[in-house]
Every structure is written in structure tokens, then in C-alpha cells.
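Residues per chain are reported as follows:
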Amino acid sequence: MSKLNKDIFYLIFEELQNDNKALYSSLLVNKTLCEIIVPILWRNPWKYLANGNKNLLLNVIISHLSDESKNNLKIQGVNLPIVLSQKLLFNYISFCRHLNLYVINSIINNNYSKYKSKISFIKKEIFNIFINKNTKFTHLYLPQRFDYQIHLIPGAKQCLSKIVSLSCYTRINDKVLIGLAEICQSIKKLELFIEEKENNYGITKLIDASKTLIDVRLITDYGFCNDFIINYSYTSIIDVAFHIILENSLIKHAHTLQYIKMTTPPKTKILSFLVNLKKLELYVNNQNNNSNNLGNIFLPSLQILKSNVVKINILRNLFVNTNGNLIKIGIDDIPHNEIDNKNIIQAIYQNCPNLMYLKLMIRNESILELEQLLINCQYLVGLYFFAIKTFDWDELFKVLTISSPTSLIKFKFNNILSYGTIKLESLKLFFDNWKGRSPISLQFDSYNGCSDLIDLIGEYKLEGIINKFDHLHGSNYFEDFEW
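In this text, all values refer to a predicted model and were calculated from it rather than measured experimentally. (Residues numbered from 1 in each chain as written. Predicted model: local features only at pLDDT ≥ 70, side-chain atom pairs only at ≥ 80, totals over all residues. Heavy atoms only, no water.)

### Notes on the overall build of the protein chain
Then, in step 1: When helices and strands are tallied, the protein chain shows 18 helices and 14 strands.
Then, in step 2: The contacts of the protein chain with a sequence gap of at least 6 include a subset with a gap of at least 24, amounting to 70%.
Then, in step 3: Approximately 22600 Å² of the protein chain is accessible, and the part contributed by carbon and sulfur atoms is 50%. (Helix = DSSP H or I, 4+ residues; strand = E, 2+ residues; numbered from the N terminus. Contact = heavy atoms within 4.5 Å. Areas by Shrake-Rupley, 256 points an atom, 1.4 Å probe, with all protein chains shown as cover.)

### Focus: the packing of aromatic side chains
Geometry of an aromatic ring pair is reported as the spacing of the ring centres plus the angle between the planes.
Then, in step 1: With the rule as written, the count across this model stands at 23 aromatic pairs.
Then, in step 2: Three or more aromatic residues joined by ring pairs make a cluster, and in this case those are Phe 391, Trp 393, Phe 397, Phe 411, Phe 413, Phe 430, Phe 431, Trp 434, Phe 444, Tyr 460 and Phe 469.
Then, in step 3: The ring of Tyr 357 has Lys 328 lying over it, and the distance from NZ or CZ to the ring centre is 5.2 Å.
Then, in step 4: Positioned above the aromatic ring of Trp 434, the side-chain terminus of Arg 437 is 4.2 Å from the ring centre. (Phe/Tyr/Trp six-rings, centres within 6.5 Å; stacked < 30°, edge-to-face > 60°. Lys NZ or Arg CZ within 6 Å of the ring centre and 35° of its normal.)

### A word on helix H11 (residues 240–251)
Then, in step 1: Here H11 contains 12 residues, and its C-alpha end-to-end distance of 16 Å stays within 8% of the 16 Å for a straight helix at 1.5 Å per residue.
Then, in step 2: For H11, the elements touching its buried residues are strand S4 (189–193), helix H10 (203–209), strand S5 (215–219), strand S6 (259–262) and helix H12 (270–273). (Expected span 1.5 Å × (residues − 1).)

### Looking at the nonpolar core
Most often, soluble globular proteins have nonpolar side chains that are buried together.
Then, in step 1: With 144 residues, the main nonpolar core has Phe 130, Ile 150, Phe 319, Phe 413 and Phe 431 as its most contacted residues.
Then, in step 2: Non-local contacts of Phe 319, meaning those with residues more than four positions away in its chain, are made with Leu 305, Leu 326, Ile 329, Ile 331, Ile 344, Ala 347, Ile 348, Asn 351 and Cys 352. (Core = buried A, V, L, I, M, F, W, Y, C linked by side-chain atoms within 4.5 Å. Buried < 20%, exposed > 50% of the residue type's maximum accessible area, 1.4 Å probe, protein only.)

### Points about the pairing of strand S13 (residues 440–444)
Then, in step 1: In terms of residue burial, S13 counts as a mostly covered element, since 5 of its 5 residues are buried.
Then, in step 2: One ladder, built from 4 bridges, connects strand S12 (residues 410–414) with S13; its direction is parallel. If you follow Phe 411 over to S13, its bridge partner there is Leu 442. (Pairing = 2+ DSSP bridges.)

### Quick word on helix H13 (residues 312–320)
In an α-helix there are 3.6 residues to a turn, and that puts residues three or four apart on one side.
Then, in step 1: Every buried residue of H13 is accounted for by Ile 312, Ile 314, Leu 315, Leu 318 and Phe 319. The buried residues of H13 occupy one face: seen down the axis, they fall within an arc of 165°.
Then, in step 2: In this structure, the buried residues of H13 make contact with strand S7 (279–282), strand S8 (304–307), strand S9 (328–331) and helix H14 (338–351). (Arc of directions from axis to C-beta.)

### Looking at the pairing of S7
Then, in step 1: Strand direction decides the pairing type here: S6 and S7, joined by 4 bridges, are parallel. Pairing of Tyr 259 across the sheet is with Lys 279, part of S7.
Then, in step 2: For S7 and S8, the ladder comprises 4 bridges, and the chain directions are parallel. For Glu 281, the partnering residue across the bridge sits in S8 and is Lys 306.

### Overview of the environment of Glu 196
Then, in step 1: Position of Glu 196 relative to the elements: it lies in the loop between S4 and H10.
Then, in step 2: Residues Glu 196 and Thr 220, spaced 24 residues apart in sequence, show a C-alpha to C-alpha distance of 8.4 Å.

### With respect to the pattern of salt bridges
Then, in step 1: Throughout the structure, instances matching the rule amount to 13 salt bridges.
Then, in step 2: The salt bridge partner of Arg 43 is Glu 14, with a shortest N-O separation of 2.6 Å. Of this pair, Arg 43 sits in helix H3 (residues 31–43) while Glu 14 sits in helix H1 (residues 3–15), and the two are 29 residues apart along the sequence.
Then, in step 3: Among the residues examined, Glu 14 registers a relative accessible area of 16% and is labelled buried.
Then, in step 4: Asp 215 is the salt-bridge partner of Arg 217, the closest N and O atoms lying 2.9 Å from each other. The same class applies to Arg 217 as to Asp 215, namely buried. (Salt bridge = Lys/Arg side-chain N within 4 Å of Asp/Glu carboxyl O.)

### Points about the side chain of Glu 247
Then, in step 1: Looking at where Glu 247 falls in the secondary structure, it is placed in helix H11.
Then, in step 2: Despite its burial, Glu 247 pairs with no opposite charge; the closest candidate is Lys 267, at 5.5 Å N-O.
Then, in step 3: Every residue in contact with Glu 247, bar those within four places of it in the chain, is listed here: Met 262, Pro 266, Lys 267, Thr 268 and Ile 270. (Lys, Arg positive; Asp, Glu negative; His and termini not counted.)

### Considering the side chain of Ser 210
Then, in step 1: By the secondary structure assignment, Ser 210 is in the loop between H10 and S5.
Then, in step 2: From its side chain, Ser 210 meets the backbone oxygen of Leu 206 in a polar contact 3.0 Å long.
Then, in step 3: When residues no more than four places from it in sequence are discounted, the contact partners of Ser 210 are Gln 185, Ile 187 and His 253. (Polar contact = N/O pair within 3.5 Å; in protein donor to acceptor, adjacent residues only side chain to side chain.)

### Re the packing of helix H2 (residues 20–27) against H3
Then, in step 1: Two numbers describe how H2 lies on H3: the axes approach to 9 Å, and their chain directions differ by 145°. The element H2 and its partner H3 pack so that their crossing is left-handed. Facing H2, whose interface residues are Leu 23, Tyr 24, Ser 26 and Leu 27, H3 presents Leu 33, Cys 34, Ile 37, Val 38, Ile 40 and Leu 41.
Then, in step 2: Of the residues in the contact of H2 with H3, the class split is 9 nonpolar, 1 polar and no charged. (Axes fitted to C-alpha atoms, helices over the stretch in contact; angles between N-to-C directions. Left-handed = near helix turned anticlockwise from the far one by under 90°. Nonpolar A, V, L, I, M, F, W, Y, C, P; charged D, E, K, R; others polar.)

Next comes the structure, spelled out in C-alpha cells:
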């Protein structure tokens, strides 16, 4: 295979790096594709893990142990599982760029629980496989209450100095924190899981050491986290003093911060300082919401807003004070009353002329306001609607058919909260009326009577009215709607 062809295949599989089925199916085609795909899969092997293959991953990791390390473990009385008998085809660890010590910790604890007194020794040998002068990581994930001083492992400085993304808990060992702050000074993305108590206030050393902090995620309610391994229930006790110190430290990076996610209302005026912010995710416990620091925020560069904030005045101010730059808005399925629902839609079409994607709860009383939104927001590409109560889908489809801009081709409907479901007759009429326009991509999060729906969709796919369809929750078809 020529070098040109190999380079082309590399570019193709880079585009498919999140499609593990495509990667695995191509892996065994020939040696060249294998050499291209294996490094891609092992760049972040943790994201492909399921319960059944953690032991397989452990076997591969153990196969990288040197004979000296295996002998050291044997001397300590640790019996290693029978691993691959043949020589490894690749040095898989060398391809890793994501070091997920949460997963590694979990695998070690689960598989070597009978060696409780030897766990620290086992971790030492396995951690040394990953952290040495021959490996380089860009992403680091640390487990809760992590106290292993990885910065003291020989080669740690070369291995971890290029870390650009760090995810950790705020109850972290002080020595570990200081060591990381000295080594990891290129962090651009910082995800902090803030705990109820005993938070390490020294976390600000890590923030201060970061020279180009762009993306910060402060997770107090772990249920709102998409990127980490676990979900916890809502943390009811907020360490206010810690939040204040944390936010004041982040204010020093106001000129570089472009994305911030918060799962509790800010305790300071931090958002007022972030004039270069492009993406804001703000999730709060609306039943106990202190929003004193959310009023009159001016974010002139904001392009993406995702929130579950109930108070209409806060949402309106956010829409107004963005200079019309918002292109994506996601307001989660919260039960605004009829007046608030209409006011939200009105505030959007009056202040967001460049809007491309919108996720919103919709009511029967808001259909006329929605029509105005379709008329005023001529760059719309996708709409994602939640419906509550007995919703008039026929009227919605009529408005979409008549008033949608030509750019609007993606629709996602979630009627989980609805007392009724969308009737096939309503969909058929919508599809018939859409004829002559650009093909649409369509998704339902839930639907009763899917077999009939599939038949109907297939018919309109053949006619070229529907381009893509999915009725399963969590599809990747609507990546723009993965709010």
C-alpha cells in the first residue's frame, strides 16, 4: 500500500475515532489498517470500556510489565493472572494520551482485593508502566481522595508536562496537588468535582499555575456531569467559602476563559468578569436557588448557552446582553408556566437573530410566538422540543411547514412528559407538506408503536423527504442536540 493511501486512510479513521464499531470492524482487514487503527483506539482506551472487558484490558496492561516488575510482585506474594502468552504486537501504552487513574485504580482494587495489604505495591508497578520518561499524556483523570504522589515517579515531569486537560476532585492530597501544580502548567481544561467538605483550598495553586486556562467545569451536582465515570446524587451542602476562593482565583483568568460550566449559582460576580466567554452552562437546583449574582451579566462574546434556570428575568438578561451573538440555546425541560414560556420565546427572537440551534419546552399557548421565532431567526438549522400536557402536534407541524426558514432541516421531539403521543396521521401530514423542501433529519426520544413508525419513515425516506431518522435515546445522529 502506497504512503499516499496510508495517509488517506489515517485521515479517514481519525474522522471515525468516536465510532468504535467502524474502527473494530476495520481493524483486521490488513496489517496497514491495523497499524493505523490501534494507536487511535489506544489514545483513550478507557472510553471503550464495558464491564465485560475490563479484565481483558488489565491483561494487556500486565503484559507490559517488565520481568523485573513481575518478579517483584511474585516476591510480594502477588499472583498475576495468566496473561497473553505470545509477544505483544504493539507497545499499546505508548499510544495512550489519556491517563485515567480512576479506571486503573478501580480495576486494581476490584481484581486484587484479596491482596489488600499489597495494593500500594501493585499500584506502584502498574502506575510505573504508564508514567515514565517514554510516555506523554495530554489528559489526566484522578479518582476521589487521590493520595498517590505520581509526581515523584521517575520520568513524571516529562510524562505529565504536556497535560492540557485535568479532571479531579477537590478533596485531593495536598502533596499531590503541589506536585501537579509544579509540573502541569499547560492546563487548558479543568474539571473539578467539588465535595461537601474537606475541600483542599490549595486547588487555587493549580489554577494559578495554569497559563492558558480556557475551559472550566465546576461540578457540585454530579448528576450534571457528562464526561466523568460516575454520577452521584445531588450534593445538598455547599462549601460557600471554598466556592468564593475558587471563583476569585478563576477571575484572574478572565481574559482567557471561553467556556465555563457551573452546577450551582456563582457565589461571586465571576460571570461579570468573563467578557470573552463563548459558552456558558449554568445548572442550578431551582428549588433552592440563590441567584443574586446572576443579574445584569454582560457577555458580549457568548455564542452557546445551556441552562435550566427558571427565573425569566435572568434568562431574558442573558439573551439581551450577548450582542446578538448567541447561535445555540438549550433550555432544559423545566415546567415554565404559559406566560413565562411565551416570554422566553419572545426574548429569544427579539435578541438572537443569528440563532442556529434551539432546545426548548413548548406549550400550546406558545405556538404563535414560535411562529415569530421562525420568521425572525432565519439561520435556524435545528429545533429540539419538549412537550408537556396534551400538546397539539398538528398545529406545531402546520407552523413548521409554513414558517420554517430554508436552513431548518433538523428536528428532535421529546414527548416523555406528554400525556399523549404524536399520531402517525399527524406525522404523515407533516411529511406530505414538507415535500419540495430540503430533506430533514428527525429524531424521537420516545415513541409508542415504533414498528408502524419505522414503516412510515421508510416510505418517506424513499421519497427523499427524510434524510436520517432515529427513535432511540442517545443517538449520535443529532450531535448538535447533545446538550
